[in-house]
Each structure stands twice: as structure tokens, then as C-alpha cells.
Amino acid sequence: MKEKYSERLCEREGESLNMEKKPKISAVGLRLICSVMLIVLPVFIMLLMLVRQEVLELSKEKLALQSQSGAKAVGTWAEQILGELDIYKDIIEELGMDDPRVFELMGTSYPNHEAYPYGLYWGDRQKNYFDSSGWVPDEDYVPSERIWYQEGLTRDYFGFGEPYVDVMTGDVCVSASARVNNGPVESVVAADVYLDYASKVVADITGGDIGYAFFVTGQTRIILADSNDSMVGQPLHSEENSLLYQNIDHLLAQEQTGHQEVEGEDDNYITNIIHIKA
């Protein structure tokens, strides 16, 4: 990933992403219901879990509809972002990296996009680097050694990588990157995508009957957005998390789908796991 603005750092692959407290989800002596959704994108996988306390009146069918609505919203948003980035890439490849208009084009991406406010950036194996936001890396910065670059080399179209926390803002973001196929030197173009929209969907869901909601990545199962902000950036499987979170993590690790009964600390939960490919 690209470290910029005071070197954005993160701990990855199951480690905490610079966040702090981990709350516990308590029951109230009733049978609780929750819904779990996996949105399977080209590389980026998210999980949405909906937990409603005191919901004997909330049917599985209604819960499933709310789950699907949230999944569709975020899936559509992600497809739109990747589609926009692919348009940039197509034009870059059509012009060719030797054409100075390529860098003018990338410059127009800053600061015009809410999801990737710092615009596009580009690097090649010869240590050349361009950043639409004007950020200038240290002299020892080697683009080809960065994870965003290495991930992009594996893709002809834009796709999401693993998440990290921007140390400047505290927000979770992911690098979307792709290989540029038109130059004499291997290169990759990328953008840092912020997950504010996922947080908005969580807020919208929890504003109604649903008490808790969160998104996590599918591979490392890092929480990307949660109705409790202190959970963002935490691995779902952390021993410090509630029993419910840990048991949901076990279900995902086993690739379970559909309605499942999950033990919480004070009661059992009914979960609904849905895989949605965007």
C-alpha cells in the first residue's frame, strides 16, 4: 500500500489496524436475530452483519430483505468505483505512458471524487512515481516494492486490495490498483478508496430495527465499518471480541451460508449468511 501524508501505516493479515477498544454485544434474555452477508467482489470481500436486539417480532424474511438491501447498495457502489477507475485506465492505455496528457488526465482525478479524494497515483519498476494529489515520496521510495503495486500487477482491471487505516484521518481505506499494459516499462495505476459509504449504509441500517451492523473483509476478516466505531480495524477473530463475533468468524472460516444459530455471551443468535457476487 502507498504510505503518504506522514506515511500511512497499518498492521495487516489478522493484526489490529491501529484501533483501540473492543465492545461486547450483550443479550437481553430473548432469542436474538442477526444476519450475515458476504459481498464477493473481484478481490475485495466484505461482510455485513445485522444484529437486532429484542426482535421477537422481526421475521427472518424481513431481516433477509434488509440484509439484501444493504448488500446491494454497497455492491453497486463498489462496482461504480471500479468502473470509473477502469475508464481512467482505458484512456491511459489508449494514450500511452509516453504521452504527457496521461499525467494531465490523472491530475483531474484530484480532488473530484468523494470515494478516492486523493486521486490516482502511478509507479513503474524504474522507480518513477506520480501522485495526483501532489504528494512527493522520500528518495528511497520504491513503488514496485509496495503492496498496492504488487497487487495491481496481478490484474488487468481495477480490483481492491486489503484494507488499512489512514493514520492521518483514522479512516479505513483500501487501495484499488491495476496493471498498465501499454508502456515499455512495467507499471501500475492505483487509487486509495475510502469506505465512508459503507459506514453510511451501516448507519442507515442501524437507524431502524437493526441494532448492530458491520462489514469485514473475507480473507483476513478485518472489520471495515461497524455501528460501533471502536471496532473498525479490528480482526473479527480477536480473542478480545465478544463470543458472538468470534463464533461468526468461525462460521465464515468454514464458509457457512444461510441461516445459522450462533452462541453469544448471554443468548443465542440466528444468523443469515448470504454470498453476493458483484
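Residues numbered from 1 in each chain as written. Predicted model: local features only at pLDDT ≥ 70, side-chain atom pairs only at ≥ 80, totals over all residues. Heavy atoms only, no water.

### Here's the deal with the overall build of the protein chain
Right, on to step 1. For the protein chain, the count of helices and strands is 5 helices and 11 strands.
Right, on to step 2. Contacts in the protein chain between residues far apart in sequence, at least 24 positions, make up 60% of those at least 6 positions apart.
Right, on to step 3. Total accessible area on the protein chain stands at roughly 12,300 Å², and carbon and sulfur atoms take up 46% of it. (Helix = DSSP H or I, 4+ residues; strand = E, 2+ residues; numbered from the N terminus. Contact = heavy atoms within 4.5 Å. Areas by Shrake-Rupley, 256 points an atom, 1.4 Å probe, with all protein chains shown as cover.)

### Some details on the side chain of Ser-144
Right, on to step 1. Within the element layout of this structure, Ser-144 appears in the loop between β4 (129-131) and α3 (147-152).
Right, on to step 2. With relative accessibility at 13%, the residue Ser-144 sits in the buried group.
Right, on to step 3. Those residues within four positions of Ser-144 in sequence are excluded, and the remaining contacts are Arg-125, Tyr-149 and Gln-150. (Buried < 20%, exposed > 50% of the residue type's maximum accessible area, 1.4 Å probe, protein only.)

### Observations regarding the sheet that holds strand β5 (residues 159-165)
Right, on to step 1. Judged by pairing direction, the sheet is antiparallel, and its 5 strands sit side by side in the order β4-β3-β7-β6-β5 without closing on themselves. Bordering the open sheet on either side are β4 and β5, each of which pairs with just one other strand. Between one strand axis and the next, the sheet turns by 20° as a mean value, whatever way the strands run.
Right, on to step 2. Sheet topology places β5 next to strand β6 (residues 172-180); 5 bridges connect them, and they run antiparallel. By the bridge assignment, Phe-160 is partnered in β6 with Ala-176. (Pairing = 2+ DSSP bridges. Axes fitted to C-alpha atoms, helices over the stretch in contact; angles between N-to-C directions.)

### What to know about the side chain of Asn-241
Right, on to step 1. With respect to the helices and strands, the residue Asn-241 is situated in the loop between β9 (223-226) and α5 (243-253).
Right, on to step 2. Overall, the relative accessible area of 3% leaves Asn-241 in the buried class.
Right, on to step 3. Here the side chain of Asn-241 touches Leu-236 through a polar contact of 3.0 Å, landing on its backbone oxygen. (Polar contact = N/O pair within 3.5 Å; in protein donor to acceptor, adjacent residues only side chain to side chain.)

### Observations concerning the layout of surface pockets
Right, on to step 1. Computed from the structure, the largest pocket encloses a volume of approximately 250 Å³.
Right, on to step 2. Together, 16 residues line the largest pocket, and Ser-199, Leu-224, Ala-225, Asp-229 and Val-232 are the ones closest to its centre.
Right, on to step 3. The set of elements that each furnish at least two residues to the lining of the largest pocket consists of α4 (196-206) and β9.
Right, on to step 4. The dominant element in the lining of the largest pocket, judged by the number of residues it contributes, is α4, at 5 residues.
Right, on to step 5. Split by residue class, the lining of the largest pocket holds 8 nonpolar, 4 polar and 4 charged.
Right, on to step 6. Counted as a void, the second largest pocket has a volume near 170 Å³. (1 Å grid on protein atoms, 1.4 Å probe; cavity = no way out; pocket = protein on both sides within 12 Å on 5 of 7 lines; lining within 4 Å. Points joined across faces, edges and corners; volume = space filled by probe spheres on them. Nonpolar A, V, L, I, M, F, W, Y, C, P; charged D, E, K, R; others polar.)

These figures capture arrangement, not role.
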